[in-house]
Amino acid sequence: MIKKKTEAQDEKIHKVYNLIGVYENDIWELRNCGFKYIQSIMPDNPAIYKEIDFCDIKNEVIKKELKYFIFNRLINFKGIYNTLRQNFLCPVRWLIKYLEINSENIKTLSKIDKSFEDNYKKFLLQSNVNITYRKN
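Rules used throughout
Residues numbered from 1 in each chain as written. Predicted model: local features only at pLDDT ≥ 70, side-chain atom pairs only at ≥ 80, totals over all residues. Heavy atoms only, no water. Core = buried A, V, L, I, M, F, W, Y, C linked by side-chain atoms within 4.5 Å. Buried < 20%, exposed > 50% of the residue type's maximum accessible area, 1.4 Å probe, protein only. Helix = DSSP H or I, 4+ residues; strand = E, 2+ residues; numbered from the N terminus. Contact = heavy atoms within 4.5 Å. Expected span 1.5 Å × (residues − 1). Bend = angle between axes of the 7 residues up to and from the residue. Axes fitted to C-alpha atoms, helices over the stretch in contact; angles between N-to-C directions. Parallel < 35°, antiparallel > 145°, perpendicular 65-115°, else oblique. Nonpolar A, V, L, I, M, F, W, Y, C, P; charged D, E, K, R; others polar. Phe/Tyr/Trp six-rings, centres within 6.5 Å; stacked < 30°, edge-to-face > 60°. Lys NZ or Arg CZ within 6 Å of the ring centre and 35° of its normal. Salt bridge = Lys/Arg side-chain N within 4 Å of Asp/Glu carboxyl O.

*Asks:* What exactly am I supposed to notice about the nonpolar core here?
*Replies:* The tendency in soluble globular proteins is for nonpolar side chains to be buried as a group. Formed by 35 residues in total, the largest nonpolar core has its most connected members in Ile52, Leu66, Ile70 and Leu74. Of the residues forming this core, the biggest block, nine residues, is contributed by helix α4 (residues 81-101). In contact with Ile70, other than residues within four places in its own chain, are Trp28, Ile52, Phe54, Phe88 and Val92.

*Asks:* How should I be thinking about α4 in this particular structure?
*Replies:* Residues lying three or four places apart along an α-helix face the same way, a consequence of the helix completing one turn every 3.6 residues. A rise of 1.5 Å per residue sets the reference length of α4, with its 21 residues, at 30 Å; its end C-alpha atoms lie 29 Å apart and thus fit the reference within 8%. At Leu89, α4 shows its largest kink, close to 30°, and the proline Pro91 lies no more than four residues downstream. Burial in α4 covers these residues: Tyr81, Leu84, Phe88, Leu89, Val92, Leu95, Ile96, Tyr98 and Leu99. Looking at the buried residues of α4, the elements they touch are α2 (36-41), β2 (51-53), α3 (60-75) and α5 (114-126).

*Asks:* Explanation requested: the packing of α4 against α5 in the structure shown.
*Replies:* For any two helices packed against each other, one specifies the crossing angle of their axes together with the interaxial distance. Between α4 and α5, the least distance of the axes is 11 Å, while the angle of their chain directions is 110°. As the angle between them shows, α4 and α5 are arranged roughly perpendicular. Here Pro91, Trp94, Leu95, Lys97, Tyr98, Leu99 and Ile101 of α4 come into contact with α5, specifically with Phe116, Asn119, Tyr120, Phe123 and Leu124. Partitioned by chemical class, the residues of the contact of α4 with α5 number ten nonpolar, one polar and one charged.

*Asks:* Help me understand the packing of aromatic side chains in this model?
*Replies:* Two descriptors summarise a pair of aromatic rings, namely the distance from one centre to the other and the angle between the planes of the rings. One pass over the structure, following the stated rule, counts eight aromatic pairs. An angle of 50° between the planes, with centres 5.3 Å apart, marks the rings of Tyr98 and Phe123 as tilted. Taken as a pair, Tyr98 in helix α4 and Phe123 in helix α5 lie far apart in primary sequence, 25 residues in all. The class for Tyr98 is buried, based on a relative accessible area of 5%. What makes Phe123 buried here is its relative accessible area of 13%. Here a set of aromatic residues connected by ring pairs shows up, and it is made of Trp94, Tyr98, Phe116, Tyr120 and Phe123. Its guanidinium or amino end placed over the ring of Phe54, Lys67 lies 5.4 Å from that ring's centre, counting from NZ or CZ.

*Asks:* I'm lost on the pattern of salt bridges in this one. Help?
*Replies:* Side chains that differ in charge, positive against negative, can pair when their charged atoms come close. The final tally for this structure, using the stated rule, is five salt bridges. Two residues, Asp26 and Lys63, come together in a salt bridge whose shortest N-O distance is 2.9 Å. Here Asp26 is found in the loop between α1 (7-17) and β1 (27-29), whereas its partner Lys63 is found in helix α3, with 37 residues between them in sequence. With a relative accessible area of 24%, Asp26 lands in the partly exposed category. The residue Lys114 makes a salt bridge to Asp118 at a minimum N-O spacing of 3.0 Å. Remark: Asp118 and Lys114 occur in helix α5; sequence separation between them is four residues, near one turn of the helix. Judged by relative accessible area, which is 52%, Lys114 ranks as exposed. Three or more residues joined by partner-sharing salt bridges are found here, namely Asp26, Glu60, Lys63 and Lys67.

These figures come from the coordinates and say nothing about function on their own.
Okay, structure coming up:
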């Protein structure tokens, strides 16, 4: 069964896609992000992964695409904080670092190909990041 989007969801999608309001900010504080579920699972203690920082992405097209992708992931996330951190927030930070370093070579995320994937894997391995799948 396909879920129907509510008007509130459509409005949020419009806002993030057009970078209106909080979504135009380059730092998204997850404790105040407007996603009630995400806010409810954030730990009270200071956590390293309490925000998503887009400041280092120079290409505005990529920044917008990544914000839209992350928005869609967050709005549909149902799990615990550790899963959010390990399977999403940490990998996003590495992707942003890679995009920062390779900003001249990548013009849009919609056109990434096998060479992007291969180069990204090399970058992660050189950075001592475990790229093998592990089930929690």
